[in-house]
Structure formats: structure tokens, C-alpha cells
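So you can see what is in the structure, the chains are spelled out below.
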Amino acid sequence: MSTTLTDPKKIKNAKIAIIAASIAVPLVVIVLFGVKIEGLDLTFLPPIYAGINGVTALTLVMAVWAIKNKNQNLHRRLIRVSLLLSLLFLVGYVAYHMTSDSTMYGDLDGDKLLSMDEKKSVASSAMIYYFILISHILLSVFIIPLVLFAYFRAWTGDYERHKKIVRFAFPFWLYVAVTGVVVYLMIKPYY
């Protein structure tokens, strides 16, 4: 359900909150990556949060289908589910990295070092993996304000500006969701 928000002070406060969240979330994630919790085994999480990314991608595509078929209620529910799933992914991802060492791409023996043989075995795919991983991470930061502003515009009934933001937000959000699955599938042999 949208609401008409015309109070300039409330609009300004909402924009400030979105910008603050867009800065705070990546900073908090960076800080939490420096925290290590010993004795808690969350190594089961990567396939779960990869699956969450996959479901997010599906709900995003379904949300576009719903709005193209003029089903605003279904669209709204699917976007809310997508937001919740993205938040669940983030919590699982951070929890895993707070309790587990990072996995090196190509580290078949799990010794946290890449031998010459291991480097050779992944030479052709390593650049692809790192390109996908880095673009996934950078775009995941970039989409935070896009998604939040798009949601805010729809919530306030400013559908024209919502559509303009979504032209960028949707493909980037979908890319992040899909590449989250791809990154998991590529790194899975080295867990």
C-alpha cells in the first residue's frame, strides 16, 4: 500500500535514513569481518545463503512479471520477500565469515596456500571467478541505495521516479543475486 508523502521534512528525513543505511551497512559488514568467533561451526551456511540468493533472483523475476501483468499486490509482496531474502543472505554471509576462515579459490588441499600445481589447475578460471566475485561485491554495495530509494518511491506513490530507479536497480540486484549463486558454485570444491 502506498502513501502520499508530501511533507518535505519527512521526505528529507527518509532520504537521510536511506543514505545513512547505504553507508552503514557496508561499514558494519567490514567491521564484522574483522571479528572472529571461535568454537561456533557455521560451515553449513554457504549452500543455504547461496540458495537464498537463487530464490531472491526468482522472486525478482516474478516481481517484474507481476507488475507487467498489472498485479501490484503480488509485485509488492514479491519485492518485500526479495528484500527479506537479501537481508537473510547478508546475515548468513556475515555469520559464516565471522566464524570461519575464508576459502581460497583453487586451494584443493585446504592448507590456505596455493601451490604451483593448484595455481595451474585454476589458471583459466581464476580470472573469471575473481571478476564475478569482485563485481558481485561492488554491485552489492551499489544496489543498497538504489533498492531502498526505489522502494521508498513506490511506497510514497511516486511511481514515475520509482520506474526510473528500477531501470538500474533491477538488473543490478538480479546480477548480484545470480552471481551469488555462481560464486558459491565456483568456490564449492574448495570448502
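Refer to the preceding data block for the structure.
1. What to know about the packing of helix 3 (residues 72–99) against helix 4 (residues 116–155)
Two elements in contact, helix 3 and helix 4, have axes separated by 13 Å at closest approach and are oriented at 145°. Here the hand of the crossing between helix 3 and helix 4 comes out left-handed. Contacts between helix 3 and helix 4 involve I79, R80, L83 and F89 from the former and H136, V147 and Y151 from the latter.

2. Observations regarding the pattern of salt bridges
Where side chains of opposite charge bring their charged atoms close, a pairing between them can arise. Counting across every chain of the model gives two salt bridges. We note a salt bridge from R161 to D158, for which the minimum N-O separation is 3.6 Å. In this structure, E160 and K163 form a salt bridge, with 3.8 Å as the shortest nitrogen-oxygen distance. With E160 and K163 both in helix 5 (residues 159–187), this residue pair falls three residues apart, about one helical turn. K163 sits in the partly exposed class, given a relative accessible area of 45%.

3. Points about the packing of aromatic side chains
Counting across every chain of the model gives 12 aromatic pairs. Here the aromatic rings of F33 and Y93 are separated by 5.6 Å at their centres, their planes lie at 40°, and the arrangement is tilted. Of this pair, F33 sits in helix 1 (residues 8–33) while Y93 sits in helix 3, and the two are 60 residues apart along the sequence. The class for F33 is partly exposed, based on a relative accessible area of 29%. An angle of 85° between the planes, with centres 5.5 Å apart, marks the rings of Y49 and F89 as edge-to-face. Taken together, the residues Y49 in helix 2 (residues 45–68) and F89 in helix 3 connect sequence positions 40 residues apart. Take Y49: its relative accessible area is 6%, and that puts it in the buried class. Relative accessible area serves as the criterion here: at 13%, F89 is assigned to the buried category.

Thresholds applied
Counting of residues starts from 1 at the beginning of each chain's written sequence and follows it residue by residue. Local features in this predicted model are restricted to residues of pLDDT 70 or higher, and side-chain atom pairs are both shown and tallied only at a pLDDT of 80 or more, whereas totals for entire chains, interfaces and linings draw on every residue. Just so you know, side-chain values use all the structure's heavy atoms and leave hydrogens and water out. Axes here mean lines fitted to C-alpha atoms, for a helix over just the part in contact, with angles spanning 0 to 180 degrees between N-to-C directions. Strands are runs of DSSP state E lasting at least two residues, helices are runs of H or I lasting at least four, and both sets are numbered from the N terminus onward. Here a crossing is taken to be left-handed if its near helix is turned anticlockwise relative to the far helix by less than a right angle, and right-handed if that turn runs clockwise. Contacts are residue-level and defined by heavy atoms, with any inter-residue pair within 4.5 Å sufficient. A pairing counts as a salt bridge when a side-chain nitrogen of Lys or Arg comes within 4 Å of a carboxyl oxygen of Asp or Glu. Only protein chains enter the accessibility calculation, which uses a 1.4 Å probe; a residue whose area is less than 20% of its type maximum is buried, one above 50% is exposed, and one in between is partly exposed. Planes of paired rings set the category: under 30 degrees apart is stacked, over 60 is edge-to-face and the rest tilted, where pairs are Phe, Tyr or Trp rings (Trp by its six-membered ring) whose centres lie within 6.5 Å.

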